[in-house]
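# Per-entry structural report
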Amino acid sequence: MNEIVSIPLTHLLLALLFIVIAQATSMVWHLGLGRDITVGTIRTVSQLFLMGYALTFIFRAKSLPLTLGIFLVMVVSAVFIVKGRVKEREVPYLAPTFITMLVSYFVTAVFVSYAIVGITPWWEPRYFIPTAGMVIGNSMSALAISIERLFSQMRQQRELIEMKLTLGADYREASGDIFISAVKAGMIPSINAMMGVGLVFLPGMMSGQILAGSDPMEAIRYQIVVMFMLVGSTAMSAIIVMIAVRRRCFGSGEELLLTSR
Amino acid sequence: MQGLSFSYPGSAAPVFEHLDLSLPEGGCMIIRGASGCGKSTLLRLACRLSSPASGRVLIQGSDISAMPPSQLRSRVCLVSQIPQMVDGSVKSNLLLPFTFAANAGKQRPLDAGLMEMLMDFHLPDISLEQSAVKLSVGQKQRLALMRALLPGPELLLLDEPTSSLDRESTTMVFSIIERFNAEGKTIMLVTHDEEAPSGPRTKTLTLVNGKLIET
């Protein structure tokens, strides 16, 4: 089960047939996606080749500062992606989001690499970077959903929150339902993924390992760790970010700062 | 209120500047004025739902900005013009203030007391178990006033509490406010209604161009 079937470059070009199908569909049905498909194809090839060369270099270099530098770049990129998805501009939420992502993803990635997989040193790039990448990629989407839900519900229920505040509620009591709803919205996709994994879909990581020649029983162990890791890191980061961001929605007098739109 | 200035975010023109206002304990102050002149803002500033650009609000000599906000609002309660109900029964809405930590030491009323109060507020056909969100605006407005009175705040801030009520209900609500005031509670009332309380402790002011004029 250890032989890896390499894809020659000529065969890789054959995969472009799928892109031709997509382009033809766009042309025949006037979808107007031709330019996007072309740009997407070029970006996929160039970005992944660059990443391939970069990872080869990083794996060979085995440098702690370089590994942590890559991790930092990944987290910063994720924060900018969250910023792009969340349209809120009234409440500054990026700083607590960045710090939470940095700390919680680092703790999760170290725990998985060192304690569960048993890699020494814990920052061995071949394990640490893919693990961190999976945590960041999944939790980033969850955080964007949670933050967006928190802000939109706060605005929608502004009068209700103020009513509770005027009756003696503190800001936590006045926004408790919204807080729970926002955290749950972020966590549900990773919980649903646990329900469907192995039945409805084979996750990318497990499929990749199997395609690369790993024993399926070995691949599922990794996948189980990944599924648990994603649920845990999503819960941890969503709760911490929600606590920090919710507080910023209220002023020093616990008055709601978000205005109605 | 001492030297209060306030502007809406993004607006250069102040709603009022260096405004002074004093309401004695046990008094009743009625504030009138044109729509949008800042009457509701005065009430919001009194319970820290809005923050002044400058100046301060004192309650019994203490600056409210130094008080824990929830403790302040368990003593100073605002009833807004548009009544808000949480999804649930009339009873759960009336008892909502008692679910908050700041009101933990206060005595929860019994069902019999709530029923009696509903009668008092001309709501005899409403049961404690029915849904509060399905009530009419006028019914919700009276329920919101009841809910504010139940924890026994020292200062009650009322923003147009009779705007959705008929003549008979308006008279009844104002008589309840007068009674509450006679029991020693302090009232600050914003209203357009001519039939407002007019007891010996009542003072009426009109807010015009950011200035309060006694009428």
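Predicted model, so just to flag it, every value in this text is computed and none were measured. (Residues numbered from 1 in each chain as written. Chains lettered and ligands numbered in written order. Predicted model: local features only at pLDDT ≥ 70, side-chain atom pairs only at ≥ 80, totals over all residues. Heavy atoms only, no water.)

### So, the interface of chain A and chain B
Heads up, the condition is: Contacts between residues were defined by any pair of non-hydrogen atoms, one from each residue, lying within 4.5 Å. Summed over both partners, the accessible surface that disappears when two parts come together, traced with a 1.4 Å probe, is what is meant by buried area. We define a salt bridge as a side-chain nitrogen of Lys or Arg found within 4 Å of a carboxyl oxygen belonging to Asp or Glu. Side-chain atoms alone can form a polar contact between residues adjacent in sequence; in general such a contact is a pair of N or O atoms within 3.5 Å, and within protein one must be able to donate a hydrogen while the other accepts it. A run of H or I in DSSP becomes a helix once it reaches four residues, and a run of E becomes a strand once it reaches two; helices and strands are each numbered from the N terminus. For this classification, Asp, Glu, Lys and Arg are treated as charged, while Ala, Val, Leu, Ile, Met, Phe, Trp, Tyr, Cys and Pro are nonpolar and the rest, including Gly, are polar.
Of the residues lining the interface, 17 residues belong to chain A; the matching set on chain B comes to 23 residues. Buried surface at the junction of chain A and chain B, both sides included, amounts to about 1,700 Å², of which 60% is carbon and sulfur. If you look at where chain A meets chain B, you find one salt bridge. Ionic pairing is found between B:Arg44 and A:Glu162, a salt bridge with its closest N-O pair at 2.8 Å. Counting every contact that joins chain A to chain B gives six residue pairs in polar contact (both at pLDDT 80 or more). It is helix 7 (residues 158–166) of chain A that contributes the most residues to the side of chain A that touches chain B, eight residues altogether. The residue makeup of the side of chain A that touches chain B, split by class, is five nonpolar, four polar and eight charged.

### Re the pattern of salt bridges
Just so we agree on the cut-off: With a 1.4 Å probe rolled over the protein chains alone, any residue whose accessible area is under 20% of its type maximum counts as buried; one over 50% counts as exposed, and the rest are partly exposed.
Scanning all chains against the criterion turns up eleven salt bridges over all chains. Between A:Arg172 and A:Asp170 there is a salt bridge whose closest N-O contact spans 3.7 Å. For A:Arg172, a relative accessible area of 46% corresponds to the partly exposed category. The buried category is assigned to A:Asp170, whose relative accessible area is 15%. In this structure, the salt-bridge partner of B:Asp111 is B:Lys91, at a minimum N-O distance of 3.1 Å. You can see B:Asp111 sitting in helix 4 (residues 111–120) and its partner B:Lys91 sitting in helix 3 (residues 90–94), a full 20 residues away along the chain. Residue B:Lys91 is classed as partly exposed on the basis of its relative accessible area of 24%.

### Focus: empty space enclosed by the protein
Inclusion rule: For cavity detection a 1 Å grid was placed over the protein atoms alone, and a set of points counts as a cavity when a 1.4 Å probe fits there but cannot get out; an open set counts as a pocket when protein lies on both sides within 12 Å along at least five of seven lines, with lining residues being those that have an atom within 4 Å of a point. Grid points are joined across faces, edges and corners, and a volume is the space filled by probe spheres set on the points.
Here the structure, examined in full by the defined rule, presents one cavity of 30 Å³ or more. One number sums up the size of the largest cavity: a volume of about 30 Å³. Lining the largest cavity are A:Thr166, A:Leu167, B:Arg73, B:Ser74, B:Cys77, B:Pro97, B:Asn103, B:Ala148, B:Pro151 and B:Pro153. Of the residues belonging to the lining of the largest cavity, the class tally is six nonpolar, three polar and one charged.

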